[in-house]
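Topology and contacts: notes
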Amino acid sequence: MRAPQPKPRAPRRLRRVVTVVVCALAVAQAVSWLTASPQVGHFRSAADRAAYVDAYTEALALMPSPTSTFDVPTSFGTVRAYAWVNPAATGDPVVLLAGRGSGVPMWSENLPGLLARRTVYALDAIGDAGLSTQSTPLTGPVDQATWIDEALAALHIDRAHLVGHSFGAASAGALAVHRSGRVKTLTLLEPAFVLRWPPLGTLLWSVPATLPFLPRAWRDAAVAKIAGEDLSRLDQANPVTRMITLGGTAYSAELPTPRPLSDDQLRGLTMPVYVALADNSPITEGEASLAKAELIGDVTAKVWPNTTHSLPMQVAEPLAAELGQFWATHDT
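Here goes a summary of the coordinates provided. Within any chain, residue numbers begin from 1 and follow the written order of that chain's sequence. Predicted model: local features are reported for residues with pLDDT of at least 70 only, side-chain atom pairs are reported and counted for 80 or more only, and whole-chain, interface and lining totals are derived from all residues. Side-chain metrics rest on all non-hydrogen atoms present in the structure, leaving aside hydrogens and water.

1. With respect to the overall build of the protein chain
The number of helices and strands found in the protein chain is 12 helices and 11 strands. When accessible area is computed with a 1.4 Å probe and restricted to protein chains, residues below 20% of their type maximum are described as buried, those above 50% as exposed, and intermediate ones as partly exposed. Taking all 332 residues of the protein chain together, the buried fraction comes to 58%. Excluding contacts between residues fewer than 6 apart, the proportion of contacts in the protein chain whose partners are at least 24 apart in sequence is 80%. Accessible area for the protein chain stands at about 12,900 Å²; split by element, carbon and sulfur atoms hold 55% of it. We count a stretch as a helix when DSSP gives it H or I for four or more residues in a row; a strand needs E for two or more, and each element gets its number in order from the N terminus. A contact between two residues is defined here by any heavy atoms of the two lying within 4.5 Å. Per-residue accessibility takes into account occlusion by the displayed protein chains alone, with areas from the Shrake-Rupley method and a 1.4 Å probe.

Below is the structure:
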């Protein structure tokens, strides 16, 4: 049987324009300490949800059609999950965890290359934008690990090659630390708050960038400071760009702020780990994160040239090739 055929891919310009929004949302959760107590994530209004779902649906259509769609109950809410089965693939499946405010369709550039090598699952995060729904507050990394572990168990995934981008990498790291038996290999793509804190200036600009009561012009100016590009120049007609933008404005995320893994936790990771860093990232600062990554016992760490925090979108094809080899090496 042949693997599912990909649909036409989004324009290459998407890789650049989405960078701005992704960079801003990656640090948005840093202001969550201003919240007095854990809450449940929610859309700000019915109209906001409808706009987001419309963009999400359009963006999902840019991807190969899922083999199956699931709504999986967990202790913290219901997880929307998708499976793309490659009947010719061998070895453990790949599980994708998207970055802050993104939802599964952020992987539209990456899925064709990954699916050519593996069966792929992707999850919308509980407590963040997407089609998952939250019922119970998340209070820390153990809770993050628990809902992912429960979702994978319900999907009958005993072990997986886990891939996370940005805040999705922080969630992947939580699973690797607290539910390590579920993780065959761990891939951290531009991991926000995993290896080190973002620079102070990035954190400070994230505050006005994500406060919904501030004038739109102020928030856009703050986003431009974080990402180095004017938000008004983005192509909001593109559904992925629009989805990620709405993920930050239409949804009130309630996620615990990740803290970088301690040196002992990094040294304690027993699975093979691949770390991809961007040389022009305002989050990880590329080379500045290498020393922490190298504390991991079995690590492949690389700084990708000419990339930003949206690294997965910018180097989708060569990244898929490297990861395919990485997974094949560790299948036994």
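Structure's up, so let's keep going.
2. Side note on the packing of helix H2 (residues 46–60) against helix H8 (residues 239–249)
Lines fitted to C-alpha atoms define the axes, with helix axes restricted to the stretch in contact, and inter-axis angles between N-to-C directions lie between 0 and 180 degrees. Contact geometry for H2 and H8: axes closest at 8 Å, N-to-C directions at 145 degrees. Where H2 crosses over H8, the handedness of that crossing is left-handed. Residue-level contacts link Ala51, Tyr52, Asp54, Ala55, Tyr56, Glu58 and Ala59 of H2 to Pro239, Val240, Arg242, Met243, Leu246 and Gly247 of H8. Crossings are classed by handedness, with left-handed meaning an anticlockwise turn of the near helix from the far one by less than a right angle and right-handed meaning a clockwise turn.

3. As for the packing of aromatic side chains
Planes of paired rings set the category: under 30 degrees apart is stacked, over 60 is edge-to-face and the rest tilted, where pairs are Phe, Tyr or Trp rings (Trp by its six-membered ring) whose centres lie within 6.5 Å. Evaluation of the coordinates by the stated rule reveals 7 aromatic pairs. When the ring of Phe167 is compared with that of Phe193, the centres are 5.3 Å apart and the planes differ by 50 degrees; the resulting orientation is tilted. With Phe167 in helix H5 (residues 167–178) and Phe193 in the loop between strand S8 (183–189) and helix H6 (200–209), this residue pair connects regions lying 26 residues apart in the sequence. Overall, the relative accessible area of 1% leaves Phe193 in the buried class. One aromatic cluster is present, built from ring pairs that chain together Phe43, Tyr52, Tyr56 and Tyr251. Here the guanidinium or amino end of Lys302 rests over the ring plane of Trp304, the centre of that ring lying 3.7 Å away. Two thresholds decide whether a charge sits over a ring: the Lys NZ or Arg CZ must be within 6 Å of the ring centre and within 35 degrees of the ring normal.

4. Brief notes about the environment of Met271
Along the chain, Met271 turns up in the loop between helix H9 (263–268) and strand S10 (273–278). Each C-alpha atom of the pair Met271 and His161 lies 10.0 Å from the other, and the pair is 110 residues apart in sequence. If near-sequence neighbours (up to four positions away) are discounted, Met271 is found in contact with Ala176, Ser180, Val183, Lys184, Thr185, Leu186 and Asp298.

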